[in-house]
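Understanding the architecture of this molecule
Spelled out from the first residue to the last, the chains are:
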Amino acid sequence: MTTNFSDSRGPRNAVSGFLRWLADRLHVSAGAATIPEFDQRLASKVSRTKPDATLAEIIQRAWTVGQTIDLSDVGYGPPHWKAEGKLHETPFPYYFFLAGLVRSQNCKRIFEIGTHYGGSTYSMLRGGVSQSEMKIVTVDITDLNPNLHKIQAITKIIGDANGEAVLKSAVLALSDAPIDLLYVDAAHEFLPTITNLGLYILLLRPRFVVIDDIVLNEGMRSLWNTIRVTQGSRAVNCLDVIQDIRTPNVGFGLLRLQ
Ligand SMILES: C[S@@+](CC[C@H](N)C(=O)[O-])C[C@H]1O[C@@H](n2cnc3c(N)ncnc32)[C@H](O)[C@@H]1O
C-alpha cells in the first residue's frame, strides 16, 4: 500500500488521494511479476528426453511386484477434496506402486510427509520384505487414525513438517543411517513442498524420493520443472512409464538420488 501522508482536506488532496488509490490498484510487485517469467524459463530448460532406462525399469518392476501384494483392506479413509463425504475403503492404484517399490527395492527406513488416514503408510509397510525390520516415520498436522499409533513399525509425528519440532523429531528417529525412501504428499504448493524436500533430503539422505501430485496445479508443475532442471534423468513422472499408477492430471514423481 502507498502511505498516505496528507491529513488536510481540499481539492488537491482529494485528487492526490484518488491517484494514490488508483496506483495501489495498478501496482504489481516486481517479485510477483517475475515468477511466471522464471516458470516459463524453467519449463523451457526441461529436457524432453525419454525416462532414464534404469529408472523406467525400477518403476515397471515396482508396479508388477505391487500387484502381487494384498492391499484389499487398505483404504484412503475420509476424502479431503471437494465436498465428497464417502469413505474410500479400497486401495488407490498408487498404493500398489508404493508397496511394490518398497518390496522390490528392499526399502526398510521410510519418512512420509502427509499421513492423512494412513493408507499410503499401511501400503508401504505391507510392501516390507521383513516386517520386523521396517521403520516408517510419518508426519501430519492431523491425527485422524488412532490405530497407527498401535503399530510398532510406525512412528506417527503430529505437526508441521517444515516446523522445528517435527524436523528435530524426524532427525532423532531416523538419523542413524540414510533412509531408503522419502514420500512427500502434503501441502501441494511450491514453497512448502520444496522446503520439505530441501530439509529432509539434506537431513535424512534418502535413496529414493516419491512426490505425489507433481502436476496438480501451477505451483506443483513449477516445483516438478525446477526439480527436473536440476536432477535431469534422475527425475521421472512414473506415468510416463506406467499410465495406470495415477491419474494424468495429478502425476506421480520418482527421484533416485543414490
Ligand atoms: C493428500 S493427504 C495425504 C494422503 C496420504 N499420503 C495417502 O496417500 O493416503 C495430504 C495430507 O498432508 C497433510 N499436510 C498438509 N500440510 C502439512 C504440513 N505442513 N505438515 C504435515 N502434514 C501436512 C494434510 O493434513 C493431509 O492429511
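Residues numbered from 1 in each chain as written. Predicted model: local features only at pLDDT ≥ 70, side-chain atom pairs only at ≥ 80, totals over all residues.

This paragraph deals with the pairing of strand 5 (residues 208–212). Across the five residues that make up strand 5, a large majority, five, are buried. Residue alternation in strand 5 divides its side chains into two sets, F208, V210 and D212 and V209 and I211, and both sets are buried. Alignment of strand 4 (residues 181–184) against strand 5, held across four bridges, turns out to be parallel. Considered in strand 5, the bridge of L181 is made with F208. By the bridge criterion, five bridges tie strand 5 to strand 7 (residues 252–256) in an arrangement that is antiparallel. (Buried ≥ 20, exposed ≤ 12 C-beta atoms within 10 Å, placed from the backbone. Helix = DSSP H or I, 4+ residues; strand = E, 2+ residues; numbered from the N terminus. Pairing = 2+ DSSP bridges.)

If you look at the biggest cluster of nonpolar residues, it comprises 61 residues, and the most contacted ones within it are F97, L98, F111, L181 and L182. Beyond its immediate stretch of four places on either side in the chain, L182 contacts F111, Y200, I201, L204, P206 and V209. (Core = buried A, V, L, I, M, F, W, Y, C linked by C-beta atoms within 7 Å. Contact = placed C-beta atoms within 7 Å.)

What follows concerns the packing of helix 3 (residues 53–66) against helix 4 (residues 93–104). Close contact between helix 3 and helix 4 brings their axes to 7 Å; oriented N to C, the two are set at 105°. With respect to each other, helix 3 and helix 4 are oriented roughly perpendicular. Across the interface between the two elements, R61, A62, W63, T64, V65 and G66 from helix 3 touch F96, F97, A99, G100, L101, R103 and S104 from helix 4. Among the residues forming the contact of helix 3 with helix 4, the class breakdown is seven nonpolar, four polar and two charged. (Axes fitted to C-alpha atoms, helices over the stretch in contact; angles between N-to-C directions. Parallel < 35°, antiparallel > 145°, perpendicular 65-115°, else oblique. Nonpolar A, V, L, I, M, F, W, Y, C, P; charged D, E, K, R; others polar.)

Now for the site of the ligand. Looking at the ligand, there are 17 residues lining it, with G114, H116, G119, S120 and A161 nearest. Among the residues making up the shell around the ligand, the classes are represented as eight nonpolar, six polar and three charged. (Near = placed C-beta within 6 Å.)

We now examine helix 3. Look at helix 3: 20 Å from first C-alpha to last across 14 residues, which is about the 20 Å you get at 1.5 Å a residue. Considered for burial, the residues of helix 3 that qualify are L55, I58, I59, A62, W63 and G66. When helix 3 is viewed along its axis, its buried side chains cluster within an angular range of 130° and face the same direction. Along helix 3, exposed side chains directed more than 90 degrees from the buried face belong to A53, T54 and E57. Packing partners of the buried residues in helix 3 comprise helix 4, strand 6 (235–237) and strand 7. (Expected span 1.5 Å × (residues − 1). Arc of directions from axis to C-beta.)

The strands making up a sheet associate through hydrogen bonds between their backbones, and the pairing can be parallel or antiparallel. The sheet built from seven strands is open, its strands ordered 3-2-1-4-5-7-6 with mixed pairing. In this open sheet, the two edge strands, each paired with only one partner strand, are strand 3 (154–158) and strand 6. With strand direction ignored, the average angle separating the axes of adjacent strands in the sheet is 15°. Bridging between strand 6 and strand 7 involves three bridges; their strand directions are antiparallel. Residue N237 lies in a different strand from strand 7, and its bridge partner there is G253. Packing of helix 5 (residues 119–127) onto the sheet brings it into contact with strand 1 (109–113), strand 2 (135–140), strand 3 and strand 4, and relative to strand 2 it is tilted by some 170°.

As a further point, take the environment of T247. Of note, T247 is situated in the loop between strand 6 and strand 7. C-beta crowding within 10 Å serves as the criterion here: with 15 such atoms nearby, T247 is assigned to the partly exposed category. In this structure, the C-alpha to C-alpha distance between T247 and P93, residues 154 residues apart in sequence, is 9.4 Å.

Okay, the pairing of strand 2 next. Most of strand 2 sits out of view: five of its six residues are buried. Two elements, strand 1 and strand 2, share five bridges in a ladder whose sense is parallel. The residue bridging R109 from the neighbouring strand is K135, located in strand 2. Taken together, strand 1, helix 5 and strand 2 form a β-α-β motif whose crossover is right-handed. Where strand 2 meets strand 3, five bridges bridge the pair, whose relative direction is parallel. Paired with V137 across the strands is T155, a residue of strand 3. (Right-handed = clockwise from strand over helix to strand, strands pointing away.)

Burial of helix 5 is extensive: nine of the nine residues sit out of reach of the surface. Within helix 5, the full set of buried residues consists of G119, S120, T121, Y122, S123, M124, L125, R126 and G127. Packed against the buried residues of helix 5 are helix 4, strand 1, strand 2, strand 3 and strand 4.

Looking now at the confidence of the model for the protein. For the protein, the average pLDDT comes to 90, and 85% of its residues sit at 70 or higher. Across residues 1–8 the pLDDT falls below 50, and counting only partners more than four positions away or on other chains, this stretch makes nine contacts in the model. (pLDDT = per-residue confidence, 0-100.)

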